[in-house]
Amino acid sequence: MREVEGASRHEALEAQVKEMQQAKDRQASVVLRRNSEIEKQLKDLHTHGQRNTEAVLRRNAELEEQLLRLEGAMKSKTEEAQLRCRDQELEEALVREAASATFIGELEHKLREAEAAASGRSERQAAEEQVTR
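Since we're looking at a predicted model, the values are computed, not measured.

Calculation criteria
- Residues numbered from 1 in each chain as written.
- Predicted model: local features only at pLDDT ≥ 70, side-chain atom pairs only at ≥ 80, totals over all residues.
- Heavy atoms only, no water.
- Helix = DSSP H or I, 4+ residues; strand = E, 2+ residues; numbered from the N terminus.
- Buried < 20%, exposed > 50% of the residue type's maximum accessible area, 1.4 Å probe, protein only.
- Areas by Shrake-Rupley, 256 points an atom, 1.4 Å probe, with all protein chains shown as cover.
- Salt bridge = Lys/Arg side-chain N within 4 Å of Asp/Glu carboxyl O.
- Patch = residues over 30% accessible without salt bridge, like charges linked within 9 Å, V, L, I, M, F, W, Y side chains within 5 Å.

Draft legend 1. Representation of the overall build of the protein. Tallying secondary structure elements over the protein gives one helix and zero strands in all. Looking at the protein as a whole, 0% of its 133 residues qualify as buried. When the accessible surface of the protein is totalled, it reaches about 12,600 Å², and 56% of it is carbon and sulfur.

Draft legend 2. Molecular detail of the pattern of salt bridges. For the structure on display, the rule yields six salt bridges. A salt bridge links Arg69 to Glu65; its shortest N-O distance comes to 3.0 Å. Of this pair, Arg69 and Glu65 both sit in helix H1 (residues 2-132), four residues apart, roughly one helical turn. Residue class for Arg69 comes out exposed when judged on its relative accessible area of 51%. The salt bridge involving Glu89 is made with Arg86; its shortest N-O contact spans 3.5 Å. Residue Glu89 and its partner Arg86 are both found in helix H1; the two are separated by three residues, about one turn of the helix. Residue classification places Glu89 among the partly exposed residues on the basis of a relative accessible area of 38%. Using a relative accessible area of 45% as the deciding quantity, one classes Arg86 as partly exposed.

Draft legend 3. Expanded view of a nonpolar patch on the surface. A surface patch of nonpolar side chains, amounting to about 290 Å² of accessible area, comprises Ile38, Leu42 and Leu45. Along the chain, the position of Leu45 falls in helix H1.

Don't take any of this as a statement about function, it's just geometry.
Here it is in structure tokens:
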């Protein structure tokens, strides 16, 4: 009877070990499946991260190029404004010179008229003096 009891106990222990092994196998399967899912997610995240990095680098290059164009345009506009300002200054100087030349011309004309008038008076005065003598 002890042998039967020992055999039963042995079978019960073997059944329990088998159940524990099956539970362990199921758990290992779940862990492996979960690890596989996590690895796939990591791979997807890595791929997504690479794409984002590439997109950011492309956009940065586009923005840098745009900035260079804008800086060039600003420099060009600044130079244009400086040239317009210089042109305006030269035009104003030219107008001042023309006005000054006109004024000088008018003064010279008046001087000639005054000299002619004075010269005419001197001649008349001399003639009058001779007549009176």
